[in-house]
Amino acid sequence: MKAIRITQTGGPEVLKYVEVPDPRPGKGQASVQIKAIGVNYTDVYTRSGLNPPVLPTIPGIEAAGVVAEVGEGVSEVAVGDVVAYTGVPGSYAEKVVAPSWRLVKLPQGLEAEQAAAVLLQGMTAHYLCYSTYPLKPGDTALIHAGAGGVGLLLIQMAKWLGARVITTVSTEPKARLAREMGADHVIIYSRQDFEQEVKKITGGAGVQVAYDAVGKTTFDKSVACLMHRGYMVLYGQASGPVPPVPLPVLNKASLFLTRPILGDYTATRDELLHRAGDVLGWVRSGKLKLHIHARFPLKEASEAHRQLEGRLTTGKLLLVP
Ligand code: NDP
C-alpha cells in the first residue's frame, strides 16, 4: 500500500510518500481500508519532534473507511462496516490496523469524509465544554484560535450550552467565520491585546474559563483573563510549549489549571461511543456545522502541514488516499 512515512523528524519535507507492506490485523484488531484521513495539529508535533515518535513511523491518528479484515475475538465491527476512529497511529496510509474497540460505526446517512472531518476535533470540543469545564448559561468562555478545527466546533457547542463566547483569531476572514459559527465577540489577537479586550468586554470581571491550545504566546494572558475560581484549560501548544508554571500563579484568584487530552476522555468504549455518538449524530442532523478548508491527495501531506503550520487554514484539512 501507499503511505506517508517519516524516517527523521523535521519540517514538512520529511513526510515521504512511499510503498510499504499492507498491515494485517491480529487478535482484537481490525484493518480499515481508508477513505478519508483527518489532519490534526498533533500530527505536526509528531513530525517536528515536539512529541518525539519512534522512527520510522507513519503519522496520523484519525480516519474513516471500511473494515477490510478482522482478527480473532473481534465483536465490535464486521467486514464491510463503515467506521471512523481517533487515536490510532499509522493513519496517513491507504490501510491501517486498529484495536477494534476504537472503531465507531457511522450512523446511516453520514459519509466517511464527514466523519474523518469531525471525529477528533468534535470529541475534543465535546469533552472540553461538557466535561473538563462544563459550561452553563451565563458563563463567559474565552476560546483561542476560534477559526481552527477545534475552535469552530467549540464555539458552536459553547453557544448551545448558553455561554457567551469571546474568541481570538489572527485575521479578518477568520473573524468572519468565527462570527458565523456564533461567537459573540471576536478579538484579532495579532493586532489587539486580548487581555485588555476581554477585560473591556466583561467590564473587568474576566471569564469563567479559558480554552487555550495556542500555548506559549497566550498562556500568561489567558490566566490573567480569568475571574476568581476560573478554569485555565490548556489543551494544546500550537505556538510552542508553555514553560513550567509556578504554583503561586493560581493563588491570585483560587484558579484551576488542567492539561487535558482526548485519550483520557475516551478511555473506555462506553465513553468513546457516547461522545462519538453525539458528535456524529449532530453532524448528520445538520445541528453541528462542518467547515472543510481543503482536501489534499495523500501524497501531498507535506503541503497540508505547511498550510496548517503557516496559520493559513480554517476548520478541517483532509487527506484522501
Ligand atoms: P487548528 O486548525 O486550530 O490550527 C492551529 C491554529 O492555532 C492556527 O490556525 C492558528 O490560528 C493558531 N495559532 C496561534 N499561534 C500559532 C502559531 N505560532 N503557529 C501555528 N498556529 C498558531 O488546529 P487543530 O484544530 O488541529 O488543533 C488546535 C489545537 O488543539 C492544537 O494545539 C492541538 O494540539 C490541540 N488539540 C488538543 C487535543 C487534546 O485533547 N488535548 C485534541 C485536539 C487538538 P490563528 O491564525 O487564528 O491564530
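Placed above this text is the structure.
Position labels on residues start from 1 in each chain and follow its written sequence. For a predicted model such as this one, the threshold for reporting local features is a pLDDT of at least 70, and the threshold for listing and counting side-chain atom pairs is 80 or more; totals across whole chains, interfaces and linings nevertheless cover every residue. Just so you know, side-chain values use all the structure's heavy atoms and leave hydrogens and water out.

Engineer: Account for the nonpolar core, with residues named and values stated.
Structural biologist: In this description, a nonpolar core means a group of buried Ala, Val, Leu, Ile, Met, Phe, Trp, Tyr and Cys residues linked to one another through side-chain atoms lying within 4.5 Å. Partly exposed residues are those whose accessible area sits between 20% and 50% of the maximum for their type, while under 20% is buried and over 50% is exposed, using a 1.4 Å probe and protein chains only. One finds Leu 128, Leu 135, Leu 154, Tyr 211, Tyr 235, Leu 280 and Leu 288 to be the most contacted residues of the largest nonpolar core, which totals 56 residues. Strands are runs of DSSP state E lasting at least two residues, helices are runs of H or I lasting at least four, and both sets are numbered from the N terminus onward. Examining the composition of this core, we find that 12 residues originate from one element, helix H2 (residues 112-132), more than from any other. Here this core spans two domains, since at least three of its residues come from each of domain 1 (2-119 + 267-320) and domain 2 (136-259). When checking whether two residues touch, look at their non-hydrogen atoms; a contact exists if any pair is within 4.5 Å. Setting aside anything within four residues of it in sequence, one finds Leu 135 in contact with Cys 129, Ala 141, Ala 158, Leu 161, Ala 163, Val 209 and Tyr 211. Per the annotation, domain bounds derive from an automatic or database assignment of domains.

Engineer: Lay out the packing of aromatic side chains with the relevant residues and their values.
Structural biologist: Classification of ring pairs rests on two measures: the distance between centres of Phe, Tyr or Trp rings, Trp counted by its six-membered ring, which must be within 6.5 Å, and the angle between planes, read as stacked under 30 degrees, edge-to-face over 60 and tilted in between. This structure, assessed with the given rule, holds six aromatic pairs. Residues Trp 160 and Trp 282 carry aromatic rings whose centres are separated by 4.8 Å and whose planes lie at 80° to one another, so their mutual orientation is edge-to-face. Here Trp 282 lies in helix H9 (residues 269-285) and Trp 160 lies in helix H3 (residues 149-160), a separation of 122 residues in the sequence. Its relative accessible area of 13% is what places Trp 282 among the buried residues. One aromatic cluster is present, built from ring pairs that chain together Tyr 130, Trp 160 and Trp 282. Taking the ring centre of Trp 101 as reference, the NZ or CZ of Arg 102 above it sits at 4.9 Å. Across the ring face of Trp 160, the terminal group of Lys 287 is positioned such that the distance to the ring centre comes to 4.2 Å. Criterion for a charge above a ring: Arg CZ or Lys NZ at most 6 Å from the ring centre, at most 35 degrees from the ring normal.

Engineer: Quick one: what's the story with the state of the cysteines, residue by residue and with numbers?
Structural biologist: Criterion for a disulfide: a pair of cysteine sulfur atoms within 2.5 Å. Counted according to the given criterion, the structure contains zero disulfides. Cys 225 forms no disulfide, and the closest cysteine sulfur to it belongs to Cys 129, at a distance of 19 Å.

Engineer: Give me the lowdown on the side chain of Gln 237, citing residues and values where you can.
Structural biologist: Note on placement: Gln 237 falls in the loop between strand E12 (226-234) and helix H7 (248-251). Residue Gln 237 is classed as buried on the basis of its relative accessible area of 14%. When sequence neighbours within four positions are dropped, the list of residues in contact with Gln 237 reads Tyr 45, Leu 50, Asn 51, Ala 213, Val 214, Gly 215 and Arg 259.

Engineer: Lay out the site of the ligand with the relevant residues and their values.
Structural biologist: When at least one non-hydrogen atom of a residue lies within 4 Å of a molecule or strand, that residue is treated as near it. Taken together, 29 residues form the shell around the ligand, and within it Tyr 127, Ser 170, Lys 174, Tyr 189 and Arg 311 come nearest. Within the side chain of Arg 311, one N or O atom sits 2.7 Å away from an oxygen atom of the ligand. In isolation the ligand has 910 Å² of accessible area, and contact with the protein removes 91% of it. Within the residue set of the shell around the ligand, elements represented by two or more residues are helix H1 (41-48), H2, H3 and helix H10 (301-309). No other element matches H2, which puts four residues into the shell around the ligand. Residue polarity follows a fixed list, in which Ala, Val, Leu, Ile, Met, Phe, Trp, Tyr, Cys and Pro are nonpolar, Asp, Glu, Lys and Arg are charged, and the others, Gly among them, are polar. Among the residues making up the shell around the ligand, the classes are represented as 16 nonpolar, nine polar and four charged. Residues lining the shell around the ligand come from more than one domain, with at least three contributed by each of domain 1 (2-119 + 267-320) and domain 2 (136-259). Any pair of nitrogen or oxygen atoms within 3.5 Å is treated as a polar contact; in protein, a donor-acceptor pairing is required on top of that, and neighbouring residues in sequence qualify only through side-chain atoms on both sides. To measure how exposed things are, a 1.4 Å probe is used in the Shrake-Rupley method; for residues, cover is taken only from the protein chains shown.

Engineer: Describe the sheet that holds E12, naming the residues involved and giving the relevant values.
Structural biologist: Spatially, E10-E9-E8-E11-E12-E13 is the arrangement adopted by the six strands of the open sheet, whose pairing is parallel. The open sheet terminates on both sides in strands that have one partner only, identified here as strand E10 (185-188) and strand E13 (256-258). The average angle at which neighbouring strand axes cross in this sheet is 15°, direction not considered. For two strands to be treated as a pair, DSSP must find no fewer than two bridges joining them. Of the pairings in the sheet, the one linking strand E8 (residues 140-143) to strand E11 (residues 207-212) comprises three bridges and is parallel in character. Bridge assignment links Ile 143 to a residue of E11, and that residue is Tyr 211. Here, axes are lines fitted to C-alpha atoms. For helices the fit covers the stretch in contact, and angles between N-to-C directions go from 0 to 180 degrees. Packed on one face of the sheet, H3 meets E8, strand E9 (164-169) and E11 and runs near 165° to E9.

Engineer: Describe the environment of Asp 43, with residues and values.
Structural biologist: With respect to the helices and strands, Asp 43 occurs in helix H1. Taking the C-alpha atoms as reference points, Asp 43 and Ala 78, separated by 35 residues in sequence, lie 29 Å from one another. There is a polar contact of 2.7 Å between the side chain of Asp 43 and the side chain of Tyr 92.

Engineer: Break down unusual backbone geometry for me, citing the residues and quoting the values.
Structural biologist: The linkage connecting Leu 55 with the following residue, Pro 56, adopts the cis geometry, with an omega of -5°. Locating Pro 56 in the fold gives a position in the loop between H1 and strand E4 (62-70). The phi angle at Ala 145 is positive, at roughly 50°, despite the residue not being glycine. Within the fold, Ala 145 resides in the loop between E8 and H3. Of the residues examined, Ala 145 reaches a relative accessible area of 29% and is grouped as partly exposed. A positive phi angle, close to 60°, is found at Arg 229, a residue other than glycine. Among the structural elements, Arg 229 can be located in strand E12.

Engineer: So what about the environment of Pro 25? Which residues, and what values?
Structural biologist: In this fold, Pro 25 is placed in the loop between strand E2 (16-19) and strand E3 (29-39). Separated by 237 residues in sequence, Pro 25 and Leu 262 place their C-alpha atoms 25 Å apart.

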